[in-house]
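Architecture at a glance
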Protein chains: 2
Amino acid sequence: MPQKRIGKQTVRMVCPPSIEGHACVVGKKEGEGPLSSSFDYIGDDSYFGEKTWEKAESHMQKQALELAADKAGVTLSSIQYIFAGDLLNQCIASTFAERDRGIPFFGLYGACSTMAESLSLAAISIDGGFADTAAAVTSSHFCSAERQFRLPLEYGGQRTPTAQWTATASGAIILKEHGQGPFVTHVTTGKIVDLGIKDANNMGAAMAPAAYDTLKTHFEDTGFLPTDYDLILTGDLGMIGSDVVIDFFKKDGIDISGNYNDCGLLLYSKEEQDTHAGGSGCGCSACVLTGYILNGMRQKRWNRILFAATGALMSPTSTQQGESIPGICHAVTICNSKEM
Amino acid sequence: MPQKRIGKQTVRMVCPPSIEGHACVVGKKEGEGPLSSSFDYIGDDSYFGEKTWEKAESHMQKQALELAADKAGVTLSSIQYIFAGDLLNQCIASTFAERDRGIPFFGLYGACSTMAESLSLAAISIDGGFADTAAAVTSSHFCSAERQFRLPLEYGGQRTPTAQWTATASGAIILKEHGQGPFVTHVTTGKIVDLGIKDANNMGAAMAPAAYDTLKTHFEDTGFLPTDYDLILTGDLGMIGSDVVIDFFKKDGIDISGNYNDCGLLLYSKEEQDTHAGGSGCGCSACVLTGYILNGMRQKRWNRILFAATGALMSPTSTQQGESIPGICHAVTICNSKEM
């Protein structure tokens, strides 16, 4: 068997699985942003016809998966594994979304890195020969996240300038053993990196060291240069974190700014939508990837991208106990051809 | 390549990975129970030298992994993936335990099924050719779980007779591509099953349908009979849930009671320890498996076991919103030989 493991943290797919379907469902605010035309469904309000925000989030996940399966031309019953997760305590957005599906389910927690984590494991399960069809799904919801992580919305608390806006969004991908692509060719699994940042209102800065670590390791492991990619996309570092990543690489003598962007910067309009440092939440990188980015790859706007979703692995409890914020970043290479 | 996928939900390992190391760390109460002699480390109190119960839980995970790696004769830096999860919001027991390790990390949430979920994915990553060494780790802590899921301990609330006792325990397994075994030969990944039970103080009953579903599917997929196993072990259904599983099989004309047991029944003494319906928590099945069971397999007390850990995928929020409790069960076949 050809060598799958390359370097310290990277694996190469021998038969790169194909992204046969991808879809995203977003809230009203996201639908008013610059990526509006790339979304499959834009909700009218924050409830999606449900009675609570948590149920609305499950609703989005359900709908995103159904749309992705439809686009891939697969029935839900032919999906052999679902890899899913979200930000809510005990990941209830995912478990309640999938409880009636009858599909083998692996629950994940990777905070905002979950889209890359789920895509990594779906690719591993397929290229390993354990499935021919697998799904990767994630979501976040501004209202369910605010009340869980911060304050009741009714309280009307002010947000700091470094704070990011949790996206109301879900993204789903159907990965198949064979297909027309785009293809998942490499996976670099992140280690936890914690440089001691304690400000839960500045998560971009807390996650940036993990993003830098994974990207740097990816380039070392694979021998690829940043310029080999048409786009290097972190998610979601926002304004502050993405500048930190660019600066870290600059110190190594590498300028990645030419082909680098961040999902948290892309989702909202800086001028017209008041999201302070940009977007965040599992759903942010998920909807940017499954809408704008993968649509753009199908139109050959980009042919080789590195999708590096980042997560902040703290909880309100760990913050209250004085802990710093551990970050993680998982990177996935997606190419229009099977060879990077 | 030989067929890995058999039936609806089961995969067979072509080169069954070997459990090269396993270890468990438990609290004082667990150390006073009937499995006392099987634990690698028993804490003196609920703090393990830390200032909070959440940090104590991380401490147990750290220690369990170090002990397992030591027994396997591997350095921590040679572990290529850690699959870990726990019950705490945002899985902080796992992320804080692993944040200084520098090991690629996949965070999971499978509630009390996490030991089987993590072992499944570790086996898939190795047999798929993506790693030669991977770790599966999980934990729970009575005090951190009570205050998160139920009431502050200081409140002194009374527990119902159907309630289970969250184990203060952590278990870790080091899986390697080659070794002396025991071996992971089959993995049956569960789907979410929800029959509408809403009593969060009777989780055994809520999880039992998922256990029955996965076990039944496992036997259908593989063609194995319950009697082919020396031990079928669910975890953690406790007294009520395990009776339900036996009853469900009885209705199919199958008596599994002869070689069936449940981790929640094994961990505590019914007569001497007041745990009501038995043990629960990710750490319960984890410490029973990595102590009593795997030690027993090494002593050839059992040669073929089916480890079927169960999880209740609700949260306090979903319960407050009137939702029922979705259950899941993942089953892993562990054999002393590479062939079942």
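Within each chain, residues carry numbers counting from 1 in the order of the written sequence. Ligands are numbered from 1 and chains lettered from A, in the order in which they are written. Local features in this predicted model are restricted to residues of pLDDT 70 or higher, and side-chain atom pairs are both shown and tallied only at a pLDDT of 80 or more, whereas totals for entire chains, interfaces and linings draw on every residue.

1. What about the overall build of chain A?
Here a strand is any run of E in DSSP of at least two residues, a helix any run of H or I of at least four, and the numbering for each starts at the N terminus. Helices and strands together make up the secondary structure of chain A, namely 10 helices and 15 strands. For 340 residues, the compact-globule formula gives about 20 Å, and the C-alpha radius of gyration of chain A, at 18 Å, lands near that figure. Projected onto its principal axes, the C-alpha coordinates of chain A cover approximately 60 × 50 × 35 Å. Counting other C-beta atoms within 10 Å of its own, a residue is labelled buried from 20 upward, exposed at 12 or fewer, and partly exposed in the gap between, with every C-beta atom placed from the backbone. By residue count, 64% of the 340 residues in chain A fall in the buried class. For chain A, contacts bridging at least 24 residues in sequence account for 79% of all contacts bridging at least 6. We compute the radius of gyration over the C-alpha atoms and compare it with the globule rule, which gives 2.2 Å times the number of residues raised to the power 0.38. By the criterion used throughout, residues are in contact when their C-beta atoms, derived from the backbone, lie within 7 Å.

2. Here's the deal with helix 6 (residues 203-222) of chain B
Residue pairs three or four apart in sequence face the same way in an α-helix, which turns once every 3.6 residues. Residue and element names in this part refer to chain B. Its 20 residues give helix 6 an end-to-end C-alpha distance of 28 Å, which sits within 8% of 28 Å, the value for a rise of 1.5 Å per residue. Among the 20 residues in helix 6, 17 count as buried, and that is most of the element. At the exit of helix 6 stands Gly-223, carrying a positive phi of roughly 80°. To estimate how far a helix should extend, the number of its residues minus one is multiplied by 1.5 Å.

3. Structural notes on the domain arrangement of chain A
Residues and elements named next belong to chain A. In terms of domains, chain A is made up of domain 1 (5-176) and domain 2 (183-335). Domain start and stop points were drawn from an automatic or database domain assignment. Between the C-alpha centres of domain 1 and domain 2 there is a distance of 17 Å. Listed by partner, the interface residues are 60 residues for domain 1 and 59 residues for domain 2. Of all the elements, helix 4 (residues 114-127) adds the most residues to the side of domain 1 that touches domain 2, at 8 residues. Partitioned by chemical class, the residues of the side of domain 1 that touches domain 2 number 30 nonpolar, 22 polar and 8 charged. Following the grouping adopted for this structure description, the nonpolar residues are Ala, Val, Leu, Ile, Met, Phe, Trp, Tyr, Cys and Pro, the charged ones are Asp, Glu, Lys and Arg, and the polar ones are all others, Gly among them.

4. Details of the interface of chain B and chain A
Tallying the contact residues gives 51 residues for chain B and 51 residues for chain A. Elements with a contribution of two residues or more to the side of chain B that touches chain A: strand 5 (81-86), helix 3 (92-98), strand 6 (105-107), helix 4 (114-127) and helix 10 (316-320) of chain B. Counting residues per element, the side of chain B that touches chain A draws most heavily on helix 4 of chain B, which supplies 5 residues. A per-class count over the side of chain B that touches chain A returns 23 nonpolar, 18 polar and 10 charged.

5. Considerations on the environment of Thr-310 of chain A
Residues and elements named next belong to chain A. Its place among the elements puts Thr-310 in strand 14 (residues 304-312). We classify Thr-310 as buried; it has 36 C-beta atoms within 10 Å. In sequence terms Thr-310 and Glu-272 are 38 residues apart; their C-alpha atoms lie 25 Å from each other. Apart from residues lying up to four places away in sequence, Thr-310 is in contact with Cys-112, Ser-113, Met-207, Ala-210, Ala-211, Thr-234, Gly-235, Asp-236, Leu-237, Gly-327, Ile-328 and Cys-329.

6. Structural notes on the pairing of strand 14 of chain A
Residue and element names in this part refer to chain A. The element strand 14 is largely enclosed, with a buried count of 9 among its 9 residues. Each pair of strands is called paired provided DSSP finds at least two bridges between the two strands. Judged from the 5 bridges that link them, strand 11 (residues 231-235) and strand 14 form a sheet pairing that is parallel. Its bridge partner being in strand 14, Gly-235 is matched across the sheet by Ala-309. Here strand 14 runs beside strand 15 (residues 327-335); their pairing, made up of 9 bridges, is antiparallel. Within strand 15, the residue paired with Phe-307 across the bridge is Val-332.

7. Comments concerning unusual backbone geometry
Look at the link from Gly-181 of chain A to Pro-182 of chain A: it is a cis peptide, with omega at 0°. A cis amide bond links Gly-235 of chain B with the next residue in sequence, Asp-236 of chain B, at an omega value of 10°. Locating Asp-236 of chain B in the fold gives a position in the loop between strand 11 (231-235) and helix 7 (238-251). Although it is not a glycine, Cys-91 of chain A adopts a positive phi angle of roughly 50°. Mapped onto the elements of the fold, Cys-91 of chain A is located in the loop between strand 5 (81-86) and helix 3 (92-98). The backbone of Lys-300 of chain A shows a phi angle near 60°, a positive value even though the residue is not glycine. Position of Lys-300 of chain A relative to the elements: it lies in the loop between helix 9 (282-298) and strand 14. For Lys-300 of chain A, a count of 9 C-beta atoms within 10 Å gives the class exposed.

8. Thoughts on the relation of the copies chain B and chain A
Put simply, the two copies of the chain differ by a rotation about an axis and a shift along that axis. Copies overlap after least-squares fitting; the atoms used are the C-alpha atoms of residues with pLDDT of at least 70 in both. Aligned on chain A, chain B shows an RMSD of 0.0 Å; the corresponding rotation is 180° and the shift along the axis is 0.0 Å. The two molecules are tied by a two-fold rotation axis, judged by turn and shift. A symmetric contact is evident, with 100% of the interface residues of chain B recurring at the interface of chain A.

9. Describing the pairing of strand 15 (residues 327-335) of chain B
Residues and elements named next belong to chain B. Where burial is concerned, most of strand 15 is hidden: 9 out of the 9 residues are buried. Residues of strand 15 alternate between two faces, with Gly-327, Cys-329, Ala-331, Thr-333 and Cys-335 on one and Ile-328, His-330, Val-332 and Ile-334 on the opposite face, all of them buried. As defined by bridge partners, strand 10 (residues 183-188) adjoins strand 15 across 5 bridges and the pair is classed as antiparallel. Looking at strand 15, one finds that Val-184 is bridged to Ile-334.

10. Observations regarding the packing of helix 6 of chain B against helix 7 of chain B
Residues and elements named next belong to chain B. Between the N-to-C directions of two axes lies an angle of 0 to 180 degrees, each axis being a line fitted to C-alpha atoms and, for a helix, fitted only over the stretch in contact. Here helix 6 crosses helix 7 at 35°, and the two axes come no closer than 8 Å. Considering the relative orientation of helix 6 and helix 7, their crossing is right-handed. Taking contact as the criterion, the partners of Gly-204, Ala-205, Met-207, Ala-208, Ala-211 and Tyr-212 in helix 6 are, on helix 7, Gly-238, Met-239, Ile-240, Gly-241, Val-244, Val-245 and Phe-248. Class assignment of the residues belonging to the contact of helix 6 with helix 7 gives a composition of 10 nonpolar, 3 polar and no charged. What makes a crossing left-handed is the near helix being turned counterclockwise from the far one by less than a right angle; a clockwise turn instead makes it right-handed.

11. Quick word on helix 7 of chain B
Residues and elements named next belong to chain B. Helix length check: helix 7, at 14 residues, gives a terminal C-alpha distance of 20 Å against a target of 20 Å (1.5 Å per residue), a fit within 8%. Listing the buried residues of helix 7 in full gives Gly-238, Ile-240, Gly-241, Ser-242, Val-245 and Phe-249. Check the buried side of helix 7 and you find it contacts helix 6, strand 11, strand 12 (260-262), helix 8 (263-266) and strand 13 (279-280). Just beyond helix 7, the residue with positive phi is Gly-253, at close to 80°.

12. Side note on the environment of Arg-12 of chain A
All names here are of chain A. Inspection of the secondary structure puts Arg-12 in strand 2 (residues 10-12). On the basis of neighbour count, Arg-12 is assigned to the buried category, with 20 C-beta atoms found within 10 Å. Between the C-alpha atoms of Arg-12 and Thr-217, which are 205 residues apart in sequence, the distance is 14 Å. In this view, Arg-12 contacts Lys-4, Ile-6, Thr-185 and His-186; residues no more than four positions away in its chain are not counted.

13. Focus on the environment of Met-239 of chain B
Residues and elements named next belong to chain B. Considering the arrangement of structural elements, one finds Met-239 in helix 7. Under the C-beta neighbour-count criterion, Met-239 is labelled partly exposed, with 19 such atoms within 10 Å. Linking Met-239 and Gly-327, residues 88 residues apart in sequence, is a C-alpha distance of 17 Å. Excluding its chain neighbours within four sequence positions, the residues that come into contact with Met-239 are Gly-204, Leu-265, Ala-277 and Gly-278.

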